[in-house]
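What the coordinates show
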Amino acid sequence: MSSFIVYPAIDIRDGKCVRLQQGDYSQETIYNDSPAKVAKSWEEQGGQFIHLVDLDGAKAGHPVNDAIIGAIAKSANVPVQVGGGLRTLADVEKLLGLGISRVIIGTAAINDHAFTEAVLAKYGDKVAIGIDARNGYVATHGWLNTSEVRAEDLAKELAAKGAETFIYTDISRDGMMQGPNVEGILSMAGASGKTVIASGGVTSLDDLLRLNVHSGSGIGGAIVGKALYTGNIDLAAALQALGQSSGSL
């Protein structure tokens, strides 16, 4: 698997594949009624790793769309990572038991340190820490709340507790098709000393190429959502431009 991975994103709400603008549940676009079909499409185009978000789970505080997520993991021939509402060890164990390769801990990473440390201690590299930031400060509960904790400080703390992978989302860029905050992503990688996956604002092939240049500085990949659905980025063509054709899997 390449050191820089493009993660096609599937956000699930009410059983459908949707996208939100800046995490706003009132600004939703439905792209497909079948997240499973979308996942298969990304895999067929050469996707190396599928990124799923349970939007209902993020809001509810526990997994909601786990039946759909489990079905996707079972049918996929590539790894799947999932975030959204994972706040207990039982929830994490359930998803991993469904065949998920990596779980993403978001809100709980700031609100429940004991849980986060326990998950990292037990599952290690099967855990990614999702840090969503608004103006440099961590946002929680599906981006509905903004904390007083700086994103870089949280990354440093959790890296010391064993976190190896972070997913960094600049909310101001998400769904806005404005390009990623490369400087912010690099700062997170530098602060944590770990791998950071870019999320939010990836709009074009040029954005992916700009991020890929920094793969040696801790940027391990990029999550791409809206740009795939609008056609701004063609997944197969992007992977080929990055030297990752489907035949190289």
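Computed from a predicted model, the values in this text were never measured in an experiment.

Section: the pattern of salt bridges
- In total, this model carries six salt bridges according to the counting rule given.
- Between lysine 40 and glutamate 43 there is a salt bridge, with its nearest N and O atoms 3.6 Å apart. One end of the pair is lysine 40 and the other is glutamate 43, both in helix α1 (residues 35-44) and three residues apart, which spans about a single turn.
- Since its relative accessible area comes to 27%, lysine 40 is described here as partly exposed.
- One salt bridge connects glutamate 164 with lysine 194, and the closest N-O pair in it is separated by 3.3 Å. One end of the pair, glutamate 164, is in the loop between α7 (151-160) and β10 (165-170); the other, lysine 194, is in the loop between α8 (182-192) and β11 (195-199), with 30 residues separating them in the sequence.
- Residue classification places glutamate 164 among the partly exposed positions, given a relative accessible area of 39%.
- Lysine 194 sits in the partly exposed class, given a relative accessible area of 24%.

A short note on the nonpolar core
- The biggest cluster of nonpolar side chains holds 64 residues, and the ones touching the most others in it are Ile10, Ile105, Ile129, Ile131 and Leu208.
- With five residues, the top contributor of residues to this core is α7.
- Dropping the residues within four chain positions of it, isoleucine 105 is found in contact with Leu86, Val92, Phe115, Thr116, Val119, Val127, Ala128, Ile129 and Gly130.
- With nine residues, the next largest nonpolar core counts Ile5, Ala9, Ile104 and Ala128 among its residues.

Details of empty space enclosed by the protein
- Evaluated as defined, the whole model comprises two cavities of 30 Å³ or more.
- Taken as a whole, the second largest cavity holds about 40 Å³ of empty space.
- For the second largest cavity, the full set of lining residues is Ala36, Ala39, Lys40, Glu43, Ile50, Ile72, Ser75 and Ala76.
- Here the residues of the lining of the second largest cavity sort into five nonpolar, one polar and two charged.

Some words on the UniProt feature "active site" (unreviewed entry) in the protein chain
- UniProt tags Asp11 and Asp132 as "active site" (unreviewed entry).
- Summarising the element assignment, aspartate 11 is placed in strand β1 (residues 5-13).
- The contact partners of aspartate 11, leaving out residues within four places of it in the chain, are Lys16, Cys17, Val18, Arg19, Val53 and Leu55.
- Mapped onto the elements of the fold, aspartate 132 is located in strand β7 (residues 127-134).
- Taking the relative accessible area as the measure of exposure, aspartate 132 reaches 17% and is therefore buried.

What to know about the packing of aromatic side chains
- This structure, assessed with the given rule, holds three aromatic pairs.
- When the ring of tyrosine 7 is compared with that of phenylalanine 49, the centres are 5.1 Å apart and the planes differ by 50°; the resulting orientation is tilted. Of this pair, tyrosine 7 sits in strand β1 while phenylalanine 49 sits in the loop between α1 and β4 (50-54), and the two are 42 residues apart along the sequence. In terms of burial, tyrosine 7 and phenylalanine 49 fall into one category: buried.
- Ring geometry for tryptophan 42 against tyrosine 229: centres 5.6 Å apart, planes inclined by 75°, an arrangement best described as edge-to-face. Of this pair, tryptophan 42 sits in helix α1 while tyrosine 229 sits in helix α10 (residues 226-230), and the two are 187 residues apart along the sequence. Across this residue pair, the class does not change: tryptophan 42 and tyrosine 229 are buried.

A short note on the packing of α7 against α8
- The contact between α7 and α8 brings their axes to 8 Å, and the two run at 35°. Crossing geometry of α7 relative to α8 is assigned as right-handed. Seen from α7, the contacting residues are Ala151, Glu152, Ala155, Lys156 and Ala159; seen from α8, they are Ser187, Met188, Ala191 and Ser192.
- When its residues are assigned to classes, the contact of α7 with α8 shows five nonpolar, two polar and two charged.

With respect to α1
- Pro35, Val38, Ala39, Trp42 and Glu43 are the residues of α1 that are buried. All buried residues of α1 fall inside an arc of 140° around its axis, so they share one side. What points out from α1, more than 90 degrees from its buried face, is the exposed set Lys37 and Glu44.
- One or two residues past the end of α1 sits glycine 46, with phi positive at roughly 110°.

A short note on the side chain of arginine 102
- By the secondary structure assignment, arginine 102 is in strand β6 (residues 102-105).
- Look at arginine 102: it is buried, it has no salt bridge, and the nearest opposite charge is aspartate 125 at 7.6 Å.
- A polar atom in the side chain of arginine 102 sits 3.0 Å from the side chain of tyrosine 7.
- Only 2.9 Å separates the side chain of arginine 102 from the side chain of glutamine 81, close enough to count as a polar contact.
- Not counting residues within four places of it along the chain, the set of residues in contact with arginine 102 comprises Tyr7, Phe49, Val80, Gln81, Val82, Asp125, Lys126, Val127, Ala128, Thr165 and Ile197.

Criteria and thresholds
- Residues numbered from 1 in each chain as written.
- Predicted model: local features only at pLDDT ≥ 70, side-chain atom pairs only at ≥ 80, totals over all residues.
- Heavy atoms only, no water.
- Salt bridge = Lys/Arg side-chain N within 4 Å of Asp/Glu carboxyl O.
- Helix = DSSP H or I, 4+ residues; strand = E, 2+ residues; numbered from the N terminus.
- Buried < 20%, exposed > 50% of the residue type's maximum accessible area, 1.4 Å probe, protein only.
- Core = buried A, V, L, I, M, F, W, Y, C linked by side-chain atoms within 4.5 Å.
- Contact = heavy atoms within 4.5 Å.
- 1 Å grid on protein atoms, 1.4 Å probe; cavity = no way out; pocket = protein on both sides within 12 Å on 5 of 7 lines; lining within 4 Å.
- Points joined across faces, edges and corners; volume = space filled by probe spheres on them.
- Nonpolar A, V, L, I, M, F, W, Y, C, P; charged D, E, K, R; others polar.
- UniProt positions renumbered as here; feature names shortened; annotations may be inferred.
- Phe/Tyr/Trp six-rings, centres within 6.5 Å; stacked < 30°, edge-to-face > 60°.
- Axes fitted to C-alpha atoms, helices over the stretch in contact; angles between N-to-C directions.
- Left-handed = near helix turned anticlockwise from the far one by under 90°.
- Arc of directions from axis to C-beta.
- Lys, Arg positive; Asp, Glu negative; His and termini not counted.
- Polar contact = N/O pair within 3.5 Å; in protein donor to acceptor, adjacent residues only side chain to side chain.

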